[in-house]
Amino acid sequence: MSILSNYKVKFGLKIFFDTEYEFIDTISESLDSFIWEANNANRANQLLDAINYALANSDSNITYPAQSMMLAVIKKSTTKIYDEMDNYENSNHTPDFELPTSDFKVIVEAWRDYLISRGK
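Residues numbered from 1 in each chain as written. Predicted model: local features only at pLDDT ≥ 70, side-chain atom pairs only at ≥ 80, totals over all residues. Heavy atoms only, no water.

## A closer look at unusual backbone geometry
Rule in force here: Only DSSP runs of H or I covering at least 4 residues are called helices, and only runs of E covering at least 2 are called strands; the numbering of each starts at the N terminus. Exposed residues in this analysis have more than 50% of their type's maximum accessible area, buried residues have under 20%, and partly exposed residues fall in between, with area computed by a 1.4 Å probe over protein chains only.
Despite not being glycine, Lys8 shows a phi value in the positive range, around 55 degrees. Relative to the helices and strands, Lys8 resides in the loop between α1 (3-6) and β1 (10-16). Positive phi outside glycine occurs at Met69, with the angle close to 80 degrees. Structurally, the position occupied by Met69 is in the loop between β3 (62-65) and β4 (71-74). Judged by relative accessible area, which is 48%, Met69 ranks as partly exposed.

Following this line, the structure appears as structure tokens:
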């Protein structure tokens with residue numbers, strides 16, 4: 001199975017008050033919400049730059065915030081997503097979702113490619 005099918009990744013359009021919005025749907029609402037914030041190709045490429053840096057540098061620990069106050073902590077082996085930045089600072093809080101960084105990269109690349117195909 002492919003990584004996209006393992007995470008049940010789907011892309012599509014929703015109409016809300018006569019405006020179209022691209023969406024991503026996966027096995028995790030936290031993953032969906034975090035990736036959706038990179039809602040154009042430029043933002044998706046910025047996120048991919050951070051992912052690629054983490055994959056290339058074994059000692060990296062990138063904290064990548066989203067506008068919604070979500071946070072991804074990207075390391076070479078794993079990416080942890082927190083629904084709120086404050087939860088990361090609380091050492092007793094577990095991440096809301098965790099996945100291998102290499103899988104995260106494939107999903108973000110597919111999202112970016114979908115956005116480009118939609119002219120975003």
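That covers the picture; the talk isn't over yet.
## Let's talk about helix α2 (residues 29-36)
Applied cut-off: Think of a polar contact as two N or O atoms within 3.5 Å of one another; within protein, one of them needs to be a possible hydrogen donor and the other a possible acceptor, and neighboring residues in sequence only count if both atoms come from side chains.
Looking only at α2, the buried set comprises Ser30, Leu31, Asp32, Phe34 and Ile35. Regarding α2, its N-cap is Ser28, as a side-chain oxygen of that residue lies 3.2 Å from the backbone nitrogen of Ser30 further along.

## Structural notes on the layout of surface pockets
Applied cut-off: The way it works is a 1 Å grid over only the protein atoms, where trapped points that fit a 1.4 Å probe form a cavity and open points with protein on both sides within 12 Å along at least five of seven lines form a pocket, and then any residue with an atom within 4 Å of a point lines it. Grid points are joined across faces, edges and corners, and a volume is the space filled by probe spheres set on the points. Under the scheme applied, nonpolar residues are Ala, Val, Leu, Ile, Met, Phe, Trp, Tyr, Cys and Pro; charged residues are Asp, Glu, Lys and Arg; polar residues are all the others, including Gly.
Taken as a whole, the largest pocket holds about 210 Å³ of empty space. Lining the largest pocket are Lys14, Tyr21, Glu22, Phe23, Ile24, Asp25, Asp32, Ser33 and Trp36. Elements that contribute at least two residues to the lining of the largest pocket include exactly β2 (19-25) and α2. A breakdown of the residues in the lining of the largest pocket according to their chemical character gives four nonpolar, one polar and four charged. Size it by volume and the second largest pocket reaches roughly 170 Å³. The wall of the second largest pocket is formed by Phe34, Glu37, Ala38, Arg43, Gln46, Leu47, Tyr64, Pro65, Ala66 and Gln67. Looking at the lining of the second largest pocket, the elements with two or more residues in it are α3 (41-56) and β3. Examining the composition of the lining of the second largest pocket, we find that three residues originate from one element, α3, more than from any other. Taken together, the residues that form the lining of the second largest pocket break down as six nonpolar, two polar and two charged.

## A word on the nonpolar core
For the record, the criterion: We call a set of buried residues a nonpolar core when its members are Ala, Val, Leu, Ile, Met, Phe, Trp, Tyr or Cys and they connect through side-chain atoms within 4.5 Å of each other.
In terms of nonpolar packing, the biggest core is built from 27 residues, with Leu31, Phe34, Ile35, Leu47, Ile74, Phe104 and Ile107 touching the most fellow members. Put simply, the parts of the chain that give this core at least two residues each are α2, α3, β4, β6 (97-100) and α5 (101-117).

## Considering the pairing of β1
Threshold: Pairing between strands is defined by DSSP: at least two bridges between them are needed.
Sheet analysis places β1 next to β2, joined by seven bridges and oriented antiparallel. Each residue of the ladder has a partner; that of Gly12, found in β2, is Phe23.

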